[in-house]
Amino acid sequence: MRTVFTKFFLLAFLLFLSQTTFAQAESNSGSNLLMMVLLLIVVLIAFAVIFQVGNNLLQMEATKVGADTEKNNYSIFPRLNELFGSSKPSFVGDSTVTKLQQGFDIKLEGAADRHINKVSVSTYAIQPPNYRGIAPIPKLAVEIGGTVKAGDELFYDKNEPDIKYVAPVSGELISLNRGDRRAITELVILADKEQQFRQLPSFDLDNSNREQLAAYLQSVGAWSLFRHRPYDVVPEKHDVPRDIFISTFDTAPLAPDLNFVVEGHGEAFQKGLDVLGKLTTGHVHLGLNAGGNSAPSAIFTNAEGVEKHWFSGQHPTGNVGIQIHHVSPITPKCSVWTLGVQEVITLGRIFTEGRWNTQRLVAVTGAELNAPAYVNTYAGANIGDLLKGNLNNDHVRIISGDVLSGQKKGAENFLNFYDDQVTVLEEGDYYEIFGWLLAGRAVPTASKSIPTAAIFSDTVYKADTNTHGEKRAFVVTGQYESVLPMDIYPQYLMKAVLTNDYEKMEGLGIHELIEEDIALCEFVCTSKQPLQQILRTGLDMMYEQG
Amino acid sequence: MKDLVDKVKAFEPDKKKSPFLHTLYDGFFTFLFTPNLTTSGKGVHIRDRMDLKRTMVIVVFALTLCYLFGMYNIGHQHFVALGKHTNFLEAMHLKLVYGLIKILPIFIVTHVVGLGIEFYYAAKKGHGIEEGFLVSGALIPLIMPPDLPLWILTLAVAFAVILGKEAFGGTGMNIVNIALLARAFIFFAYPTTISGDQCWVSGIEYNGALASGEVYGWAHHFFDWIFSGLGADVFGTGGMAVADGFTGATPLGLAMQGWTAVTEVYSPMQMFWGAIPGSIGETSKPIIIIGALMLIATGIGSWRIMVSCLLGAVAMSVVLNIWNFDVYMNIPWYYHFYMGSFWFAMAFMATDPVTASGTNTGKLIYGFFIGVLGIIIRVMNPAYPEGWMLAILFMNVFAPLIDHYVVSANINRRLKRVKQVA
């Protein structure tokens, strides 16, 4: 291969040389500058060829004397990792870092301070729509008005009666809210002042097999902590994951700092990892952040029984889907589970504390808050209670999750089960004069056509929900690829979904994606296309097909 | 600000009674104000500032210098043909005004026809006006000869917009480049108005072997009245004989006889800076390159297409140099970039995202073949002096095929992975 290149170089070199000598003989009409530039290029190529030949000789000599060319570099040119070695942070050590070039960090105002606010939340809800894949009207195990302890069974899916869904807090089940077609959307619990936990039956982790463990986890409600890829659904009863992936950093806008979140929960986190290790036939993979200024929490870096992978790059590098793609891509028939860090802690606590303790830190973020900070609460907390007294504006949108893939909620609604973030944004229902031309308001953008955004890349923006333009057909190309660090062609995938082309959807890798992975593409989309909705339509179609 | 919105909204026509007027109103309203739409709540909650209007307008910005130079050059070529004011910077006011009088009707007719059709279809289909014609409408005047009869232009624009775009479903759905389709229509339907030696210099009337300048019209007389009042040079009545040795041929027309035949009439620097006859906007290379750099810097135009297009053209002309079969092939490869509309085609035509390849790999292949084909048509086909229009239209048709193979490669990589696991 290399000799082919060298030959090609030499041929090109000769060609250029002949051209320029001819040209010099006859050029006398003012194209001197061009000739100089060409000559310079020729000289540079000549040098490159000389270096390349010298390098080849050196390498040949090295092999001849039997030097270990794998380990040591016997070349004029530095190796790629030597060149960029200095940029690899020292805390990574000898591990390799997967550097992802594509992506974009949306920098927003209102990041949470690293301290924990005291809030009192009176109601919590468990929301069946959070658990994708179950029937819309599950069977209730408790009557309205009944009292439960944290960890008591609340409902189950009639297709999978062994997988239990349990109460996050103790108290009285006060109401049951329904949505479209009478689907149950919220089961609201009025929480006790003093939380009571159901004492879970103990389980001998060391002397039991995988089936026993799975049955135990299903019975205590822990199955709902797992999310099965493809499709991002609750795993089926007999599902055995090929691998389990956990991302230990979140690059989404204003996302909680998981190093802060995990502080003090090292034991539960490690226990959770141990349990996961028994559930999979493959490995538990931990995605670590090599892009930060300091090392990730020691709880992550010292975790045992897991494969660690370092990643650096902009959002969506922290998304577990992106990390899976670079470690061991999802194929249509395989099963991979993913968990959030706080879910791992909850899982670990079943074994360390013997109870269903969903206590978690939630980052309450956004520019419309007086004091963005963390709050300590249980899963499914009422959002109005979390934000009480903190809003500085009432014309806002409240989001459970981040601004890219979170869900719009009202103050009367509840935090989604898997979310550890609430974001509050200003509603952007304003008109902007010549908005397509002048940047009247500084809002985040990935486009280089807005020079301030390109030059002052550290600026923190106050975003709002305005669409900044109307929906159009797909026109611009290459835009999605520039923010999605995966070997996937999103625009073609979207078109395959829109035309119901199953074969193409599968071929183009719909199984590797869920909404959060494609969310940044939707953000940058010039045509304002609803990519996440399109993707979910496609995923649902594939899921129904089996 | 809110008052202004309300004032404009007072004009809103009833959508049911007059859908066309409402579409028109909506088009102008959204042009004036970015609408107050918010994200639906079912996907992202914040959106990038970038939208299609801005994308399109940046391309138009990149073209403005071409317009200015083109306008001036129309006047300059006219006067050079008459042997008056032959220095480039002489009598600037006359050249500018002459160019303006030529270019304005072309610009207006293009937009009235193109936008009219666009508005009509938008009203009929009940969607907002899409911005596609902003760029097509800015490109079409620049690739026409200055003396093109306006009725032919009308036909061409109507043909391109209806059959090239609306028939396929509007902005973003077309297979071939609208602006080039309009030009190709004229090229094949009315070839005498857009090829040969007699159409590139404006205002020269050919009468057998004799040629003379046009008799100026009322617009020129109106400006004469102003200029004479200011004591500056005036147009006069016109009808003058052309200068000795005037041919009106473009460098490409002469290149058939080899490079020396070209340099007898035009110096390389003259060709580079663009003071030569040709289509309105494509003569000045530095100005087009500025526009191209602007497109690359803002990320609107694909650098992949531009670079590979350049490489393709270089590679093919080097190959032809080596082959060296006739005097045209003998023209040194770098001189191909002084003549003709390569730069304009590369920067503004090939990079149209709708008709180009959509994948990054595909863009490289697509651009390269445009470069190769353009030079082949230019040099090896005596019937067509310039090749870019046909090369780009040809590759427009092939772009989906290129993408198909690039995407299939991606699918196959994934399939292989499945097999490895299984």
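Residues numbered from 1 in each chain as written. Chains lettered and ligands numbered in written order. Predicted model: local features only at pLDDT ≥ 70, side-chain atom pairs only at ≥ 80, totals over all residues.

Asker: With reference to specific residues and values, describe the overall build of chain B.
Answerer: Secondary structure assignment for chain B yields 16 helices and 3 strands. Taking 2.2 N^0.38 as the reference for a compact globule, 422 residues should give roughly 22 Å; the C-alpha atoms of chain B span a radius of gyration of 24 Å, in line with that estimate. Here chain B holds 422 residues, and 51% of them are scored as buried. Contacts spanning at least 24 positions in sequence make up 72% of the contacts within chain B whose residues lie at least 6 apart. (Helix = DSSP H or I, 4+ residues; strand = E, 2+ residues; numbered from the N terminus. Rg over C-alpha atoms; globule rule 2.2 N^0.38 Å. Buried ≥ 20, exposed ≤ 12 C-beta atoms within 10 Å, placed from the backbone. Contact = placed C-beta atoms within 7 Å.)

Asker: Kindly report on the packing of helix H12 (residues 490-498) of chain A against helix H15 (residues 531-545) of chain A, identifying the contributing residues and their values.
Answerer: All names here are of chain A. Interaxial distance between H12 and H15 falls to 9 Å at its minimum, and their mutual angle equals 55 degrees. Viewed along their axes, H12 and H15 adopt a mutual orientation that is oblique. Handedness of the crossing formed by H12 with H15: left-handed. Residues Met 494, Val 497 and Leu 498 of H12 touch H15, and the partners they reach there are Leu 531, Ile 534, Leu 535, Thr 537 and Gly 538. Partitioning the contact of H12 with H15 into residue classes produces 6 nonpolar, 2 polar and no charged. (Axes fitted to C-alpha atoms, helices over the stretch in contact; angles between N-to-C directions. Parallel < 35°, antiparallel > 145°, perpendicular 65-115°, else oblique. Left-handed = near helix turned anticlockwise from the far one by under 90°. Nonpolar A, V, L, I, M, F, W, Y, C, P; charged D, E, K, R; others polar.)

Asker: Just give me the short version of the sheet that holds strand E3 (residues 123-126) of chain A, but keep the residues and values in it.
Answerer: Residue and element names in this part refer to chain A. Pairing is antiparallel in the open sheet, where 4 strands are placed in the order E3-E9-E8-E5. This sheet does not close on itself; its edge strands, each paired only once, are E3 and strand E5 (147-148). When E5 meets strand E8 (residues 171-178), the two strands line up antiparallel, connected through 2 bridges. Bridge pairing in E8 places Val 148 opposite Gly 171. (Pairing = 2+ DSSP bridges.)

Asker: Go over the pairing of E3 of chain A with me, naming the residues and quoting the values.
Answerer: All names here are of chain A. By the alternation rule, side chains of E3 split into Thr 123 and Ala 125 and Tyr 124 and Ile 126, which are all buried. The sheet contact formed by E3 and strand E9 (residues 184-191) spans 4 bridges and is antiparallel. For Thr 123, the partnering residue across the bridge sits in E9 and is Leu 190.

Asker: Which residues make up the sheet that holds strand E1 (residues 97-100) of chain A, and what values go with them?
Answerer: Residues and elements named next belong to chain A. Judged by pairing direction, the sheet is mixed, and its 6 strands sit side by side in the order E1-E13-E12-E11-E14-E10 without closing on themselves. Of all strands in the sheet, those bounded by a partner on one side alone are E1 and strand E10 (227-229). Within the sheet, the average angular offset between the axes of one strand and its neighbour, ignoring direction, is 30 degrees. For E1 and strand E13 (residues 307-313), the ladder comprises 4 bridges, and the chain directions are parallel.

Asker: Lay out the confidence of the model for chain B with the relevant residues and their values.
Answerer: Looking at chain B, pLDDT values average 89 and 99% of them are 70 or higher. By mean pLDDT, helix H1 (residues 2-9) of chain B is the weakest element of chain B at 80, and helix H6 (residues 150-165) of chain B is the strongest at 95. (pLDDT = per-residue confidence, 0-100.)

Asker: Any chance you could break down the nonpolar core for me, citing the residues and the numbers?
Answerer: Core analysis: the biggest nonpolar cluster contains 235 residues, and Val 364, Val 422 and Leu 493 of chain A together with Ile 392 of chain B have the highest contact counts within it. No other element matches helix H3 (residues 52-82) of chain B, which puts 16 residues into this core. Excluding residues that lie within four positions of it along the chain, Leu 493 of chain A makes contacts with Ile 488, Met 505, Leu 508, Gly 509 and Ile 510 of chain A. (Core = buried A, V, L, I, M, F, W, Y, C linked by C-beta atoms within 7 Å.)

Asker: So, the environment of Pro 141 of chain B: which residues are in play, and what are the values?
Answerer: All names here are of chain B. With respect to the helices and strands, Pro 141 occurs in helix H5 (residues 132-142). C-beta crowding within 10 Å serves as the criterion here: with 29 such atoms nearby, Pro 141 is assigned to the buried category. Note: C-alpha distance between Pro 141 and His 111 (30 residues apart in sequence) is 9.7 Å. Aside from chain neighbours lying at most four places away, what touches Pro 141 is Ile 103, Ile 106, Phe 107, Thr 110 and Ile 280.

Asker: Hey, could you go over the interface of chain A and chain B for me, with residue numbers and the actual values?
Answerer: Of the residues lining the interface, 72 residues belong to chain A; the matching set on chain B comes to 62 residues. In terms of residue class, the side of chain A that touches chain B is made up of 35 nonpolar, 25 polar and 12 charged.

Asker: How would you sum up the environment of Tyr 216 of chain B? Please name residues and give values.
Answerer: All names here are of chain B. Mapped onto the elements of the fold, Tyr 216 is located in the loop between strand E3 (210-213) and helix H8 (218-230). Its 19 C-beta neighbours within 10 Å are what place Tyr 216 among the partly exposed residues. Sequence-wise, Tyr 216 and Arg 417 are 201 residues apart; in three dimensions their C-alpha atoms are separated by 73 Å. If near-sequence neighbours (up to four positions away) are discounted, Tyr 216 is found in contact with His 221, Phe 235, Thr 237 and Gly 238.

Asker: Report on unusual backbone geometry, specifying residues and quantitative values.
Answerer: All names here are of chain A. Put simply, Arg 229 and Pro 230 share a cis peptide bond, and its omega is -10 degrees. Mapping Pro 230 onto the fold places it in the loop between E10 and strand E11 (243-247). In the segment running from His 315 into Pro 316, the intervening peptide bond is cis, with an omega of 10 degrees. You can see Pro 316 is positioned in the loop between E13 and helix H8 (320-327). Although it is not a glycine, Leu 254 sits at a positive phi angle of roughly 60 degrees. With respect to the helices and strands, Leu 254 occurs in the loop between E11 and helix H5 (258-261). Under the C-beta neighbour-count criterion, Leu 254 is labelled buried, with 26 such atoms within 10 Å. Positive phi outside glycine occurs at Lys 528, with the angle close to 55 degrees. Relative to the assigned elements, Lys 528 resides in the loop between helix H14 (515-524) and H15. The class of Lys 528 is buried, set by 22 C-beta atoms lying within 10 Å.

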